[in-house]
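Architecture and fold: a report
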Amino acid sequence: VQLQASGGGLVQAGGSLRLSCAASGRTFSSYTMGWFRQAPGKEREFVAAINWNGGSTYYADSVKGRFTISRDNAKSTVYLQMNSLKPEDTAVYYCAGKYGGPWYTSTREASYDYWGQGTLVTVSS
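A brief structural summary. These figures come from a predicted structure and were not determined experimentally.

Reading guide: rules and limits
- Residues numbered from 1 in each chain as written.
- Predicted model: local features only at pLDDT ≥ 70, side-chain atom pairs only at ≥ 80, totals over all residues.
- Heavy atoms only, no water.
- Pairing = 2+ DSSP bridges.
- Helix = DSSP H or I, 4+ residues; strand = E, 2+ residues; numbered from the N terminus.
- Axes fitted to C-alpha atoms, helices over the stretch in contact; angles between N-to-C directions.
- Disulfide = S-S within 2.5 Å.
- Buried < 20%, exposed > 50% of the residue type's maximum accessible area, 1.4 Å probe, protein only.

1. Some details on the sheet that holds strand 3 (residues 17–23)
Spatial ordering of the open sheet is given by 1-3-8-7, a layout of four strands whose pairing is antiparallel. The open sheet is flanked by strand 1 (3–6) and strand 7 (67–72), the only strands paired with a single partner. Direction aside, neighbouring strands of the sheet carry axes that sit 15 degrees apart on average. With four bridges joining them, strand 1 and strand 3 adopt antiparallel strand pairing. Across the sheet, residue Gln 4 finds its bridge partner in strand 3, namely Ala 22.

In C-alpha cells form, the structure reads like this:
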C-alpha cells in the first residue's frame, strides 16, 4: 500500500483545512487508518484513527471536538477535517495504515505498517 497525503498549507488561527490521504492497492478497506503529526523540534504524535469501515474513531485530547477523521473506501481515501485551528497545530501531518491488530493499538506509531510522505500545516496567529 502506498499513501499520498495532501491538503496542507498556511491558514490563520481559527481557520480550517481538510487533509486527504489517497491509498493505492486493493486492500485499503481492510486497513485501520491514522493521522499523526510532528511539530518542529518535537516527536511525532498521534492525532486520530479510524477503523476499517469508519464505525470507530479515536482522537487525541488535543484535537477532540475540532478535528474529524473520515474515510471513503470507494475512493481509497482517508480525510482529516481540521477546524478551529490553533498555532500549536502547526506540524507535518502524516497518514498511516495498519492491517489487523487490536483497536487499542491504533494510537501507537509502531503498530502502523505504511506511511505517507507528510503534508505541512502552518497555522499563523
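2. Focus: the state of the cysteines
Within this structure, the stated rule accounts for one disulfide. Disulfide pairing places Cys 21 opposite Cys 95 at an S-S distance of 2.1 Å. Every disulfide takes its handedness from the sign of the S-S torsion; for Cys 21 and Cys 95 that torsion is 60 degrees, giving right-handed. Here Cys 21, found in strand 3, pairs with Cys 95, found in strand 9 (residues 91–99); they are 74 residues apart in sequence, far enough to count as distant. We note that Cys 21, like Cys 95, is buried.

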